[in-house]
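Remarks on the overall topology
As a plain string of letters, each chain reads:
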Amino acid sequence: MSFLTAGLSHTASLCVGVTALAFGVPLPSGLAEIVVGGAGLAGFVLGKRQELGPERERVRKRLQDTILKRYQQRISGSDGNWIADAELASACATLDETLPKCLLDRQALAASAVSPAGFVGSGVRMVMDALAEQDQEHFGTEAKEKLAYRFAHDVIRAGLEEAAGNADYYRALEKNLMFEMARAAGQIRERVDEISEEQLRQGREQTRQGEVGQESLQILKELQAYMGGQAAANALLERQQHELTATRAELLGLLQGILGERVPPDRVEQALAQAHAALQEMRKELESLRNLGNEAPDIEPFLAEARAALESTEIVDLARARSALRNARNAYREEETARRAREDVDRAQRALNASRLTEAEADLALAQSRFLEAAELYAEAESELLGNNTERQWLLRSERANALFRHGELYPGLAALRDAVAAFRRALEVCSREDMPANWAAIQNNLGNALTSLGDRQGGAEGMAALRDAVAAFRHALELRTREDMPANWAAIQNNLGNVLQRLGDWQAGARSVAALHDAVAAFGRALEVYTREDMPADWAAIQNNLGTALQRHGDRQGGSEGLAALHNAVAAFRHALEVRTREDMPAEWAAIQNNLGTALGRLGDRQEGAEGLAALRDAVAAFHYALEVRTYEDMPADWAATQNNLGNVLSSFGDRQGGAEGLAALRGAVAAFRHALEVRTREDMPAGWATTQSNLGNALTSLGHWQGGAEGLAALRGAVAAFHCALEVRTREDMPAGWATTQNNLGTALWSLGDRQGGAEGLTALRDAVGAFHCALEVRTYEDMPTGWAATQNNLGTALASLGVRQGGAEGLAALRDAVAAFHCALEVRTREDMPADWAATQNNLGNSLTSLGDRQGGGEGLAALRDGAAAYYRALEVYSLEDMPAGWATTQNNLGSALASLGDRQTGPEGLAALHNAVAAFRHALEVRTREDMPADWAATQHNLGNALQRLGDRQEGTDGLVALGDAVAAYYRALEVRTCEDMPSDNQNTQRNLDLTLAKMALLQ
């Protein structure tokens, strides 16, 4: 008789509950039917403990005894008890399965309930009819002789007879029966009760509205104070209400949690978007928990309270919802404990339910931006599981990892990101590629995102390793998420892969960097095969922006025509993105792309020659100014600082190229922009950004010091050296080798300029320090790994060695000059006229300087050959440097050419020497067409001095009036030079020019 002990108790309870549920549960007016659920009926009967009293267990026992007597003979027959037992077990199971699906007419039952006999007969007939509607095979008219039909009929009648025959039970139902009968006849004044209840509700609502109004005001005041003013707060609310399609009540409730957790102001919008998404998920989760509320009625009021708190039209009350869920958890656990004491429950299912409730609270913690609390709750939810539930283990581990990842993205530090990576890997332990391929691919993608953020944050070798692991994770995900099966997911992962490859390219050097950036461009291109402007304009624009960034970095690294083409394509990609991301619709995104466009145009301007390059730099300046119209210090301080830094870079390049008053103004603007950026980029809060901006400030000050004369120029150069030393406090060789080498190179340039301008031991020390800095840079900038950077540093090293050789005497000075010539020849191995014409010309000019100095120091044929080679180098430089396209470089080279020709004319005799001196004078006068006193006072004075020297030598070689005229012109040139080269500002240069002037005047006196 095993089926009786296993299932009859439940079936009997279910039948006793038919009448109780049909009459005992209030329903909305006009609803005449109710689903009769097996578990719900039994739960209702058990829940009527106060009304049924201690008879409850005896009622059930009598039902079992009645059914036992009716089927005793069948069970004890001689044909085999197990067959009969199986047949009855099947009949019992069929009834249990079908009865919960039945619908009963409450009014019909109420109308038949005048007497117990009428009630039982009608009830049996109505239930059997309802069973037949659900299952004709077992309960239809043709099935009356089947065991299942007879068994159901007997069990239901026994249950209803027991219910109707029990005075206590029947009296407990009587008020419900009378209510239904009276309502059917229209004799209850329901409207009166409704009106009274409405008045009470309105009073409560008015009180609540007053409280809510005060609470809303308090949140808005806190937001204004937190965001730095009413305008910023209102702008944020309006923008988020539009972008998230969020209600005021939702925004207020979410902000309450965000402000309480002190999320950084520049991350509030990101936190709002994440919290709003979590809120939507929580609402879905609460809807899915309705069935749990039906199974455990004690928790339904708490679940209803949580739903009401999340659907409030005033303020979404996350704290109240979470408290209600916590109460639901506690109530559920209390009920669970009680149930275990009185029945054999499915522990695994109960554990699952408890886990789901804990998960629901974790979702609410996410909505409150309490990510670490959410992560702990997800772990607790997993710990509550029993048995082997890998699907749910995967889900909870994944949700925990996502919570940790969100915290790590919003807040500084590495711990949360490391924990997120570990959590995603734990999720993969219960999620194999073979058994759960879709979940495995999803985790690989999320793991890749977490590793990307960790690598970005860590830096150094550890960060590089994390980025490589991210690439591997994305490629694993793409093994299953193919374009054919999941095109949208495939494209999204291609975009993620492109992002991490771009970062790897940024951090690596040489061929590895170029290869990574090439792969990044390819990945973004594949993503755009799916994300088209027509079908997915927002995603298309986002990936165009990413593609532009990768192309710009690739162009930076690539050199030659291929690099130039990449920069042109980068500009085009950013302009494509701006077709969708407009200022009106997406101001923040529009400003970000304007910033990126400015960067690409700046790089393009640096690589292009003449007017085309200057035009690109002007367009870059305009793009950054557009970005700063949205990226303000008050609303977006970090982005404002980044754009100020980028603006400074472009202004610095433009000032170097432009020359004159406009160039000087641009350089001063660059210095101001970098100092603005450092107001936000502090060493404490943003060490990497602080170091970058310090390095850029040093570059601008170096250029400014070069263009300015006197004490102001020296002060700028000293400021540059100080800025580079600041940058090196963060940019160490161990952690940031490429950045360290770049800063050492720039420091060497500043020290060279300072040493060139200073006299005596102090200037010599600066030049030696410059040579040391360049040698440090070459430890990382090798020909094999970074050919372009290697060539640039070799060129700079040659310049410093040349200045050192000029200042030093004897063998040491000659050795320095020879080393300088060797360094320039190294640089020209990479800097060819075909691939890098501007750099080639600059290095040819520098080579000419060293050869001229070497020729001046050496005697005989060796010295003469060096001077001729120097002049030839200058002439090669002038093949690229033209007055129209590159006036500053052209003027510098003309001045240098004049010096070489003057020395050559001094060493040569006869017409050849005289011709060289005439050409030298012509070259200096060409230089003065650009080097004016107003725009370039220091260079103007230097060229006037050089012109005086050439004219003096020409006067010495010429006879009669021609010689006297040349000497007179020399005197005039020296006097002009002394207008700038004063004792106070340039004492060493003043003495040199004054000495030459006195000598020339003495020669004129002898001739006259």
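Residues numbered from 1 in each chain as written. Predicted model: local features only at pLDDT ≥ 70, side-chain atom pairs only at ≥ 80, totals over all residues. Heavy atoms only, no water.

**A closer look at the overall build of the protein chain**
- Along its length, the protein chain carries 44 helices and two strands.
- By the burial criterion, 53% of the 1008 residues in the protein chain qualify as buried.
- Partitioning the intrachain contacts of the protein chain with sequence separation of at least 6 by distance along the chain shows that 67% fall at a separation of at least 24.
- Element-wise, carbon and sulfur atoms account for 51% of the exposed surface of the protein chain, whose accessible area totals about 44,100 Å². (Helix = DSSP H or I, 4+ residues; strand = E, 2+ residues; numbered from the N terminus. Buried < 20%, exposed > 50% of the residue type's maximum accessible area, 1.4 Å probe, protein only. Contact = heavy atoms within 4.5 Å. Areas by Shrake-Rupley, 256 points an atom, 1.4 Å probe, with all protein chains shown as cover.)

**Observations concerning the side chain of Q274**
- Here Q274 is to be found in helix α14 (residues 268–288).
- Not counting residues up to four positions away in its chain, the partners in contact with Q274 are F371, R406, E409 and L410.

**Considering helix α18 (residues 347–367)**
- With 21 residues, α18 extends 30 Å between its outermost C-alpha atoms, agreeing within 8% with the 30 Å of an ideal straight helix rising 1.5 Å per residue.
- Taken across its 21 residues, α18 has 17 buried, putting it largely inside the fold.
- Positive backbone phi, at 65°, marks S369, one or two positions downstream of α18. (Expected span 1.5 Å × (residues − 1).)

**Considering the packing of aromatic side chains**
- Tallied over the full model, the rule gives three aromatic pairs.
- For the pair W590 and Y626, a centre-to-centre distance of 6.3 Å together with 55° between the ring planes defines the contact as tilted. In this pair, W590 sits in helix α28 (residues 587–607) while Y626 sits in helix α29 (residues 610–630), placing the two residues 36 residues apart along the sequence. (Phe/Tyr/Trp six-rings, centres within 6.5 Å; stacked < 30°, edge-to-face > 60°.)

**Description of the environment of H153**
- Looking at the element boundaries, H153 is found in helix α9 (residues 147–165).
- With 28 residues separating them along the chain, H153 and R125 place their C-alpha atoms 8.9 Å apart.

**Here's the deal with the pattern of salt bridges**
- Counted by the stated rule, this structure contains 40 salt bridges.
- A salt bridge links E629 to R583; the shortest N-O distance between them is 2.4 Å. Taken together, the residues E629 in helix α29 and R583 in the loop between α27 (560–580) and α28 connect sequence positions 46 residues apart.
- Note on R583: relative accessible area 34%, which makes it partly exposed.
- Across the pair D956 and K1003 runs a salt bridge, and its minimum N-O distance is 2.6 Å. Remark: K1003 occurs in helix α44 (residues 987–1007) and D956 occurs in helix α42 (residues 937–957); sequence separation between them is 47 residues.
- You can call D956 partly exposed: its relative accessible area is 42%.
- The class of K1003 is partly exposed, set by a relative accessible area of 22%. (Salt bridge = Lys/Arg side-chain N within 4 Å of Asp/Glu carboxyl O.)

**Quick word on the packing of helix α26 (residues 537–558) against α27**
- At a closest axis distance of 7 Å, the pairing of α26 and α27 adopts a crossing angle of 160°. Of the possible angle classes, the one that applies to α26 and α27 is roughly antiparallel. Note on packing geometry: the crossing formed by α26 with α27 is left-handed. (Axes fitted to C-alpha atoms, helices over the stretch in contact; angles between N-to-C directions. Parallel < 35°, antiparallel > 145°, perpendicular 65-115°, else oblique. Left-handed = near helix turned anticlockwise from the far one by under 90°.)

**With respect to the environment of V500**
- Structurally, the position occupied by V500 is in helix α24 (residues 487–507).
- Separated by 52 residues in sequence, V500 and G448 have C-alpha atoms that sit 8.6 Å apart.
- Excluding residues within four positions of it along the chain, V500 makes contact with T452, L467, A470, V471 and F474.

**Considerations on the packing of helix α36 (residues 787–807) against helix α38 (residues 837–857)**
- Across the interface, α36 lies against α38 with an axial gap of 10 Å and an inter-helix angle of 25°. What the angle tells us is that α36 and α38 run roughly parallel. By crossing handedness, the relation of α36 to α38 is classed as left-handed. Together, N795, G798, T799, A802, G805 and V806 of α36 and T843, N846, S850, S853 and R857 of α38 make up the contact between the two elements.
- Here the contact of α36 with α38 is composed, by residue class, of two nonpolar, eight polar and one charged. (Nonpolar A, V, L, I, M, F, W, Y, C, P; charged D, E, K, R; others polar.)

**Description of the confidence of the model for the protein chain**
- Overall, the prediction assigns the protein chain a mean pLDDT of 83, with 83% of residues at 70 or greater.
- Low pLDDT, under 50, characterises residues 1–54; the stretch is placed with 114 contacts to residues that sit more than four places away or in other chains.
- Long-range and interchain partners of residues 75–83, a stretch whose pLDDT sits below 50, account for seven contacts in this model, where long-range means more than four residues apart. (pLDDT = per-residue confidence, 0-100.)

**Thoughts on the environment of V421**
- One can find V421 in helix α21 (residues 415–429).
- In this structure V421 comes out as buried when scored by relative accessible area, which is 4%.
- For the pair V421 and G448, spaced 27 residues apart in sequence, the C-alpha separation works out to 8.7 Å.
- Setting aside anything within four residues of it in sequence, one finds V421 in contact with L447, A450, L451 and L454.

**A word on the side chain of Q708**
- With respect to the helices and strands, Q708 occurs in the loop between α32 (687–707) and α33 (710–730).
- In this structure Q708 comes out as buried when scored by relative accessible area, which is 5%.

**Remarks on unusual backbone geometry**
- The phi dihedral of T245 falls on the positive side, at around 50°, and the residue is not glycine.
- Within the fold, T245 resides in the loop between α12 (230–244) and α13 (248–260).
- When its relative accessible area of 66% is taken as the criterion, T245 is described as exposed.
- If you check the backbone angles, R262 has positive phi at about 55° while not being a glycine.
- Within the secondary structure layout, R262 lies in the loop between α13 and α14.

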